[in-house]
Amino acid sequence: MDKTTQILVDYVTGLEFGQLPDSTIRQTKKRLIDAIGCAMGGYVSEPAAIARRIAARHQGEPSARVLGTGRRTSMEMATFANGVMTRYLDYNDTYISKGSGHPSDMIPACLAVAEAHRASGRDLLLSIVVAYEVYTGLADVVGLRDLGWDQGLYVVLGSAAGAARLLGLTREQTANALAIAVSANVPTRQTRSGELSMWKGCATAASARAGVFSALLAADGMSGPTAAFEGRHGVWDQVTGPFELKRLGGHGTAFGIERTNLKFFASEYHSQAPLAMALELRSKVRVEDIEAINVQTYHTAYSEIGSEPEKWNPQTRETADHSLPYLLAVALVDGFVKVESFSQERMRDPALRQLMQRIKVAENPQFTLQFPSKLVTEIELLTRGGDRLVETASYPKGHAQNPMSDAEVDLKFMSLCEPLIDAAQREALLGALQEIDGARDVGRILDLLQITEKGLKPQ
């Protein structure tokens, strides 16, 4: 195996639960709770229904469940279906470094394999930490976005690593799993450009599914390329250029999962600080008095959610939650940004469209220089009466430097589950997830995740 593969294999096969500090275990449980809440929030979406219908056509031995339904399918299809649910609202966690994305997209992969193999809670938590460490370790040294590649490259490798650890693969098998995963699954970033489709929330679920499949192939003896990263026509040649992995978590180095950021609003991550500022400005001015709104931000935020024409004329939910003009308009008019803020009726409101045309977004080079250490955004609001109001922020609520409390994460979880699961069951599920490191079989916890309320039937 090449050197990059060897570093990853040594880490994946060598880390033990006893090496995880209490803070890492606590943060891992928070992200598991957050991800399952987000999955319940995305349960009724059309992409999730499509994924569940396809999952129902597959069988697995051993099998894993689609969250909320109790229906069993293969580990790969459970990963995909649960991943689509988790991503739909764009409400799950984010990592921002040289590369960025949503590492909790890998949690459905770890959960499916853990359930199928009756793993303990500790085994599940360790596999999630391993997956996150591979993801964040790569994102720290490899930027994919500006090269035109998508974050699924991090996801497929992290998912393969987490699955490999749960399956107890040998060093050689783990190397094969990683090599197969990265050689066969390099996604383009067209998924997140222009007008966005359903696939925006499904692409990394597909990568996680591919990571599990790669680990299962390796477990049964399939060999992969011997120099997947550094060899001729490998990842270095074709995708990233050469890179060197820095020291991964453990032995005095902080674990990557503790540097990930949770979301306070159900929208693209770089909108989190602007939305909080918009709500603050709303308390100081009437919407009808707004003459213009000028936003200055760093390059990534500008190019992701504030530069393309489609962001001033969103036609899909996926585009709307990646449109800074739309998000700011909704926050200023409604006083909140919630799941219901993205209905077709709300998106087409002429009053919102008119306000959006008064919003301008520009890159501030000084703010760009501070990224990703700081996420600086400034909003200037001008009124018809000649007043000028300015708000600036660097760390939105949920950022690792401005974290959500356990109580805030729990409240988010409960509110997302509320339409689907009765109160007593929600409490029991949350309590079980909070104590999951003591569980002998994670499948027993999933027994508590059954949709019961308001006539919603599992699809």
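Our subject is the structure listed above.
What comes next is a walk through the structure. (Residues numbered from 1 in each chain as written. Predicted model: local features only at pLDDT ≥ 70, side-chain atom pairs only at ≥ 80, totals over all residues. Heavy atoms only, no water.)

**Some words on the overall build of the protein chain**
Then step 1. Secondary structure assignment for the protein chain yields 20 helices and 8 strands.
Then step 2. Against the compact-globule benchmark of 23 Å for 459 residues, the protein chain has a radius of gyration of 22 Å, which places it among compact chains.
Then step 3. Working note: accessible area of the protein chain is about 17800 Å², and carbon and sulfur atoms make up 49% of it.
Then step 4. Computing the positive centroid from 48 side-chain charges and the negative centroid from 54, the protein chain places the two 2 Å apart. (Helix = DSSP H or I, 4+ residues; strand = E, 2+ residues; numbered from the N terminus. Rg over C-alpha atoms; globule rule 2.2 N^0.38 Å. Areas by Shrake-Rupley, 256 points an atom, 1.4 Å probe, with all protein chains shown as cover. Lys, Arg positive; Asp, Glu negative; His and termini not counted. Charge placed at Lys NZ, Arg CZ, Asp CG, Glu CD.)

**Focus on the nonpolar core**
Then step 1. In terms of nonpolar packing, the biggest core is built from 107 residues, with Leu-124, Phe-413, Leu-433 and Ile-436 touching the most fellow members.
Then step 2. Here the element with the most residues in this core is helix H6 (residues 121-139); it accounts for 12 residues.
Then step 3. Those residues in contact with Ile-436 that lie beyond four places of it in its chain are Lys-29, Leu-32, Gly-121, Arg-122, Leu-124, Leu-125, Val-442 and Ile-445. (Core = buried A, V, L, I, M, F, W, Y, C linked by side-chain atoms within 4.5 Å. Buried < 20%, exposed > 50% of the residue type's maximum accessible area, 1.4 Å probe, protein only. Contact = heavy atoms within 4.5 Å.)

**Some details on the environment of Leu-166**
Then step 1. For Leu-166, the position within the fold is in helix H7 (residues 152-167).
Then step 2. Along the sequence, Leu-166 and Leu-126 sit 40 residues apart, while their C-alpha atoms lie 8.6 Å from each other.
Then step 3. Among residues more than four places away in sequence, those in contact with Leu-166 are Cys-110, Val-113, Ala-114, Ala-119, Asp-123, Leu-124 and Ser-127.

**Observations regarding helix H19 (residues 423-434)**
Then step 1. In a regular helix each residue adds 1.5 Å, so 12 residues correspond to 16 Å; H19 covers 17 Å between its end C-alpha atoms and thus fits that length.
Then step 2. Burial in H19 covers these residues: Gln-425, Arg-426, Leu-429, Leu-430, Ala-432 and Leu-433. Projected onto a plane normal to the axis of H19, the buried residues spread over an arc of 160° and lie on a single side. In H19, the exposed positions that point more than 90 degrees away from the buried face belong to Ala-424 and Glu-427.
Then step 3. Looking at the buried side of H19, the elements it contacts are helix H2 (22-41), helix H18 (406-417) and helix H20 (442-446). (Expected span 1.5 Å × (residues − 1). Arc of directions from axis to C-beta.)

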